[in-house]
Amino acid sequence: MLAALDDLPFEFRMTILLADMHDLSYKEIADVLDCPVGTVMSRLHRARKILKGKLLEYAVERGVLSAPNEDAS
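Residues numbered from 1 in each chain as written. Predicted model: local features only at pLDDT ≥ 70, side-chain atom pairs only at ≥ 80, totals over all residues. Heavy atoms only, no water.

Q: Would you take a moment to explain unusual backbone geometry for this structure?
A: For residues other than glycine, phi is negative in most cases, and the peptide bonds are mostly trans. In this structure, aspartate 23 is a non-glycine residue whose phi angle is positive, near 55 degrees. Its location among the elements puts aspartate 23 in the loop between helix H2 (10-21) and helix H3 (26-33). With a phi angle near 55 degrees, aspartate 34 is a residue other than glycine that sits in the positive phi range. Summarising the element assignment, aspartate 34 is placed in the loop between H3 and helix H4 (37-61). We classify aspartate 34 as exposed; its relative accessible area is 70%. (Helix = DSSP H or I, 4+ residues; strand = E, 2+ residues; numbered from the N terminus. Buried < 20%, exposed > 50% of the residue type's maximum accessible area, 1.4 Å probe, protein only.)

Next up, the structure:
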């Protein structure tokens, strides 16, 4: 988990840490990072999506989960 988090670009990593580990609101994160609330929301969404992919890949590589069926819609 930490390696996946460390691989995130700085702005995404800080946003996800402040939101999910420090439980700050979007407004509080925007103030800390000196950016608009919309940017915080976008970064958080993208960071979670990237982490989800990395962690899924990790779980599949270790046999915890089977690879998702790419044919499924």
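We are not done yet, so read on.
Q: What should I look at first to understand the pattern of salt bridges in this one?
A: Oppositely charged side chains are able to pair whenever their charged atoms sit close together. Counted by the stated rule, this structure contains four salt bridges. When the shortest N-O distance is used, the salt bridge between aspartate 31 and lysine 27 registers 2.9 Å. Of this pair, aspartate 31 and lysine 27 both sit in helix H3, four residues apart, which is roughly one turn of the helix. (Salt bridge = Lys/Arg side-chain N within 4 Å of Asp/Glu carboxyl O.)

Q: Any chance you could explain the side chain of arginine 13 here in plain terms?
A: Tracing the backbone shows arginine 13 in helix H2. Buried charge without a partner: arginine 13 forms no salt bridge, and the closest opposite charge is aspartate 6, 4.9 Å away. Among residues more than four places away in sequence, those in contact with arginine 13 are Leu5, Asp6 and Leu8. (Lys, Arg positive; Asp, Glu negative; His and termini not counted. Contact = heavy atoms within 4.5 Å.)

Q: How should I be thinking about the nonpolar core in this particular structure?
A: Soluble globular proteins tend to pack their nonpolar side chains together in the buried interior. Leu5, Leu8, Ile16, Ile29, Val40, Ala47 and Leu51 are the most contacted members of the largest nonpolar core, which totals 14 residues. Looking at this core, the elements with two or more residues in it are helix H1 (2-7), H2, H3 and H4. Aside from chain neighbours lying at most four places away, what touches alanine 47 is Leu8, Phe12 and Ile16. (Core = buried A, V, L, I, M, F, W, Y, C linked by side-chain atoms within 4.5 Å.)

Q: Where do I start with the packing of H3 against H4 in this structure?
A: A pair of packed helices is captured by two measures, namely the crossing angle of their axes and the spacing between those axes. Taken N-terminus to C-terminus, the directions of H3 and H4 make an angle of 100 degrees; their axes are 8 Å apart at the nearest point. In terms of orientation, H3 lies roughly perpendicular with respect to H4. Together, Tyr26, Lys27, Ile29, Ala30 and Leu33 of H3 and Val37, Val40, Met41, Arg43 and Leu44 of H4 make up the contact between the two elements. Residue classes in the contact of H3 with H4 are distributed as eight nonpolar, no polar and two charged. (Axes fitted to C-alpha atoms, helices over the stretch in contact; angles between N-to-C directions. Parallel < 35°, antiparallel > 145°, perpendicular 65-115°, else oblique. Nonpolar A, V, L, I, M, F, W, Y, C, P; charged D, E, K, R; others polar.)

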